[in-house]
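So the chains spell out like this:
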Amino acid sequence: MEIAFLTLLVLSLLLSPSGICKSLAAGPPVVNIGSILQFNSTTGGVAEVAIRSALEDINSDPTVLNGTTLKVKIKDTNCFDGFLGMVQGLQFMETDVIAIVGPQCSTISHIISYVANELRVPLMSFASDATLSTIQFPFFVRTGSSDLYQMAAVAALVDYNHWKIVTAIYIDNDYGRNGIIALDDALTAKRCKISYKVSFPSNAKRSELINLLVSVSYMESRVIILHTGAEHGLKFFSMANQLNMMGNSYVWIATDWLSAYLDANSSVPADIISGMQGVLTLRPHIPNSKMKSNLISKWSSQSHKYNHSDLRVNTYGFYVYDSVWALARALDAFFGDGGRISFSNDSKLHDEAGETLHLEAMSIFDMGNKLLENIRKVNFTGASGQVQFDASGDLIHPAYDIINIIRNGMRTVGFWSNYSGLLSTISPEALYSKPPNTSLANQHLYDVIWPGETAQRPRGWVFPSNAKELKIGVPNRFSFKEFVTEDNGTGSIKGYCIDVFTQALSLLPYPVSYKFIPFGSGTENPNYDKLIHMVESNEFDAAIGDIAITMSRTVTIDFTQPFIETGLVILAPVKKHIKTSWAFLQPFTLEMWCVTGLFFLIVGVVVWVLEHRINEDFRGPPSQQIITIFWFSFSTLFFSHRENTMSTLGRGVLLIWLFVVLIIVSSYTASLTSILTVQQLDTSIKGINDLKNSDDPVGFQVGSFAQDYMVNELNISRSRLRALGSPQEYADALQLGPKKGGVMAIVDERPYVELFLSTYCKIAVAGSDFTSRGWGFAFPRDSPLQVDLSTAILSLSENGELQRIHSKWLNTGECTTDNSEFVDSNQLRLESFLGLFLICGVACVLALLLYFGIMLCKYLRHEPRKSLRRFISFVHGKEPPKNMERRSMSLPGSSTPTTPMGSLSSLDMERPARPVRNGSVIDMES
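Residues numbered from 1 in each chain as written. Predicted model: local features only at pLDDT ≥ 70, side-chain atom pairs only at ≥ 80, totals over all residues. Heavy atoms only, no water.

Just so we agree on the cut-off: UniProt positions are given in the numbering used here, feature names are shortened, and annotations may be inferred rather than shown by experiment.
The name given to the protein in an unreviewed UniProt entry is Glutamate receptor, with the source organism recorded as Aegilops tauschii subsp. strangulata. UniProt, in the comment section headed Subcellular location (unreviewed entry), describes the protein in these words: "Membrane".

Observations regarding the pattern of salt bridges
Quick note on the threshold: Throughout this description, the term salt bridge denotes a Lys or Arg side-chain nitrogen within 4 Å of a carboxyl oxygen of Asp or Glu. To sort residues, take the accessible area from a 1.4 Å probe on protein chains only and compare it with the maximum for the residue type: under 20% means buried, over 50% means exposed, and anything in between is partly exposed.
Scanning the entire structure with this criterion turns up 17 salt bridges. K377 serves as the salt-bridge partner of E373, at 3.0 Å between the closest nitrogen and oxygen. We classify K377 as exposed; its relative accessible area is 56%. Among the ionic contacts, a cluster of salt bridges with common partners joins D172, D174 and R177.

Notes on helix α5 (residues 147-160)
Within an α-helix, residues lying three or four positions from one another point in the same direction, as the helix has 3.6 residues per turn. The condition is simple: Put simply, DSSP marks the helices as runs of H or I at least four residues long and the strands as runs of E at least two long, and each gets a number from the N terminus on. The length a helix should cover is 1.5 Å for every residue beyond the first.
Compared with the 20 Å implied by 1.5 Å per residue over 14 residues, the 19 Å span of α5 between its first and last C-alpha is a close match. Those residues of α5 not exposed but buried are D147, Y149, Q150, M151, A153, V154, A155, A156, L157, V158, D159 and Y160. Positive backbone phi, at 65 degrees, marks H162, one or two positions downstream of α5.

A look at the sheet that holds strand β3 (residues 69-76)
Sheets are built from strands paired through backbone hydrogen bonds, the pairs being either parallel or antiparallel. Note the threshold: By the convention used here, strands pair only if DSSP detects at least 2 bridges between them. Note on contacts: a residue pair qualifies if any of its non-hydrogen atoms lie within 4.5 Å across the two residues. All axes are obtained by fitting lines to C-alpha atoms, using only the stretch in contact for helices, and the reported angles, taken between N-to-C directions, cover 0 to 180 degrees.
In space, the five strands of this open sheet follow the order β3-β2-β4-β5-β6, with parallel pairing throughout. Only two strands of the sheet have a single partner each, and these edge strands are β3 and β6 (140-142). The sheet strands contacting helix α2 (residues 42-59) are β2 (30-37), β3 and β4 (100-101), and the helix crosses β3 at an angle near 170 degrees. Sheet strands in contact with helix α4 (residues 106-119) are β2, β4, β5 (123-125) and β6, and its direction is about 160 degrees off that of β5.

Some points on the pairing of strand β19 (residues 470-475)
The buried count for β19 comes to five of six residues, which makes it a mostly enclosed element. Two elements, β19 and strand β23 (residues 542-543), share two bridges in a ladder whose sense is parallel. Bridge pairing links G473 to A543 in β23.

Things to note about the packing of α4 against helix α6 (residues 174-189)
To keep things clear, this is the line we draw: What sets the label is the angle itself: under 35 degrees gives roughly parallel, over 145 gives roughly antiparallel, 65 to 115 gives roughly perpendicular, and the rest give oblique. In this count, Pro and Cys sit with the nonpolar residues alongside Ala, Val, Leu, Ile, Met, Phe, Trp and Tyr, while Asp, Glu, Lys and Arg are called charged and the others, Gly among them, polar.
In contact at an axis separation of 7 Å, α4 and α6 are set at 95 degrees when each is read in the N-to-C sense. In terms of axis orientation, α4 runs roughly perpendicular to α6. In this structure, α4 contributes S106, T107 and H110 to the contact, and α6 contributes D174, Y175 and N178. Along the lines of polarity and charge, the residues of the contact of α4 with α6 split into one nonpolar, four polar and one charged.

Points about the packing of aromatic side chains
This is how the line gets drawn: Here the aromatic set is Phe, Tyr and Trp, taking the six-membered ring for Trp, and pairing holds for ring centres within 6.5 Å; pairs whose planes are under 30 degrees apart are stacked, those over 60 apart are edge-to-face, and all others are tilted.
If you walk through the whole model with that rule in mind, you get 31 aromatic pairs. Seen from their ring centres, Y419 and Y432 are 5.4 Å apart, and the 80 degrees between their planes marks the pair as edge-to-face. Linking Y419 in the loop between β17 (409-417) and β18 (422-424) with Y432 in the loop between α14 (428-431) and β19, this pair joins segments that are 13 residues apart in sequence. The exposure class of Y419 is partly exposed, given its relative accessible area of 26%.

What follows is the structure, given as structure tokens:
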């Protein structure tokens with residue numbers, strides 16, 4: 001009956017939130033948190049003192065919460081009466097709290113976790129039940145140790161001592177049962193097993209417990225694992241002593257309940273301690289730190305202050321203290337990110353007539369997801385050590401102390417750390433700085449005093465005497481079924497989009513129950529705007545498929561991160577031949593032709609300047625020299641120039657220019673060949689402007705947003721648009737053309753076009769994408785799944801999984817590469833040759849500068865009269881032969897040196913020959 005009632009309560013909470021919002025301003029002066037504890041238990045008393053101590057420290061710290069006071073509402077519950085504790089917990093959820101610290105027991109934690117998920121209230125619990133995980137309960141935050149690791153430590157201890165079978169005694173509730181399940185799994189991994197399991201109810205009588213121990217004594221195994229609470233555990237040890245089950249050959253291993261009890265109680269009766277001699281127990285490892293020491297030092301005054309003077313701090317006290325601090329730090333970041341405290345009532349949560357559960361009083365914390373995210377991100381050093389959560393939601397670096405009860409106290413004989421998975425005498429924090437060593441040969445513990453006060457290890461055996469299911473709308477496509485469609489044979493939904501969705505779901509830290517519901521008849525593509533409207537109106541909880549993210553759609557719903565990039569493109573028919581007599585001009589753009597011709601002239605002029613003074617091929621009348629410049633420059637195009645270059649500078653410039661010409665001619669030849677042999681698009685369609693300026697029909701895919709885009713954004717008349725439903729209709733309409741009842745072009749999204757072109761080779765893309773969009777999954781506004789799935793899709797993109805799925809479903813064929821070229825894709829542009837022209841231009845400039853520098857030096861050295869006109873004439877003049885220059889340096893019979901022939905100006909050389917003083921004549925012929 002309790003289970004049935006519990007199920008009804010949980011199902012009543014799984015309702016969509018609506019109602020009136022009760023809001024507080026962001027960063028209010030007071031924020032309330034809750035706590036569910038059992039006051040009359042050791043752990044409950046320690047937790048209460050720890051909570052109030054933490055609140056005092058937080059509220060007195062000006063660096064935290066910026067003046068906001070944190071207050072706590074604590075509810076006393078009964079852990080051993082599951083039904084009563086459940087009702088008390090549900091009643092407490094009527095209060096508007098932003099988070100709850102606790103509960104301490106697993107049974108109530110399970111119940112409250114369901115409620116916390118629906119109300120979006122983070123549950124900062126230190127319950128150790130391993131089944132309380134973030135996978136099942138996203139709002140469950142474990143701030144203490146987990147039985148999953150504790151049982152791994154117990155299994156390591158069993159395996160270290162070479163025991164193969166054990167007996168398990170446990171309390172019959174969630175904490176006990178789930179703990180033993182975890183132990184069974186851990187022992188199986190070590191090739192050990194539980195040979196005998198025995199449970200007892202929380203209200204078991206003493207006689208029943210004795211009978212239980214008697215049955216255990218008849219079993220083969222002498223290694224007994226006791227997983228219960230302090231109240232029953234201490235009774236077991238007392239009765240085991242009476243039954244002589246605490247002597248030689250027995251091994252007792254108690255889970256952390258025993259160390260928590262002994263640490264917290266300042267005065268344990270001597271008879272209790274004496275009845276536990278040789279027992280092994282575990283304690284969650286708490287490293288030494290300043291915060292730990294500070295809390296221990298002030299604990300005595302705090303425990304007196306809150307009426308728990310007989311209790312000392314234990315590991316749960318450290319965990320609870322840090323839980324409140326973690327919540328405070330998360331709230332600080334929450335307010336800093338613009339978070340606000342607001343609650344919404346759900347009108348559907350109400351009691352039936354005559355019932356008094358006050359379900360309508362429960363409120364949803366509107367920004368609970370954001371606070372939960374900040375809690376998951378906390379990272380600080382607290383009293384319990386490093387407070388940081390791993391991917392599974394547990395505290396990082398779980399570790400345990402192995403404790404041996406001897407005489408009047410406890411002795412640590414070693415440690416277990418999940419970092420290495422081994423037992424060791426080295427503290428866990430000393431191992432974190434080293435690579436993990438998993439060799440069993442490195443396991444070691446200090447000597448243990450076993451029951452019966454013996455150091456000899458016992459042999460260990462003797463000869464025996466539910467979440468809400470999401471309704472997800474999926475388009476049932478008629479064409480391009482590779483993306484998403486319903487299998488008519490099996491009724492299952494499959495396709496590229498479905499694989500992306502399921503892979504993204506697998507990365508979420510919690511399970512999502514869902515059901516695909518096909519949208520559309522399957523005989524034609526559905527209307528995607530109607531599908532989006534059904535998500536907006538909550539007929540569907542989400543829409544999965546090839547859904548384009550458009551501005552109009554993002555106004556009403558939220559999309560995930562795009563999982564594929566798309567954009568509208570134009571499909572146009574191709575033809576095999578070009579019907580123009582000027583095809584030979586197409587390889588170069590107009591700019592390329594102009595710059596190339598200009599450089600032919602520049603190089604011709606530069607070579608003439610460098611050569612005409614010493615090279616007869618570049619001299620003569622002005623008209624002849626101009627013809628020579630043109631002839632020489634353009635003849636280099638065919639490497640057929642007949643003029644020889646004599647100067648070093650001229651040869652260098654010509655060498656560089658011939659290299660440039662070689663590259664240009666080769667590129668031109670290749671481009672012209674491609675243009676004349678490869679199929680090209682119809683030149684009547686260059687891009688979107690041709691569609692806008694034409695009156696011919698344009699096709700689009702049925703159900704696509706392209707229709708509204710062309711009408712509203714491109715101002716194309718709706719009467720021109722033709723709806724096409726399949727790839728074959730695409731091909732037929734384009735082949736017919738606008739004059740025969742077809743279309744001039746088709747506008748569709750890039751993924752469909754690529755898939756279409758892989759089959760139909762006589763069609764190609766004209767121009768480039770004229771929109772930039774993507775496909776995403778649609779969710780209602782503020783859906784937490786939208787954010788989590790976006791993160792998961794990014795992860796799929798980074799690890800290459802998206803590309804693998806794309807290759808699986810959307811493999812394109814041979815036609816895609818050939819038909820995707822544009823009309824002008826083979827034209828050679830100036831940008832591709834700027835480097836060559838730059839090199840040639842720099843070479844010409846440097847050659848001219850060097851040439852004029854040399855000429856200037858000669859002119860200044862040999863010409864007595866200096867002027868610009870004489871310098872120009874000097875440069876223009878012909879260079880005399882070397883022997884004449886040397887001979888004219890000094891004339892015979894004269895004591896006065898004469899001017900060298902090479903230094904005579906052209907003006908002097910053009911004058912008639914005249915005699916000099918000694919009667920000799922100098923030849924001035926130019």
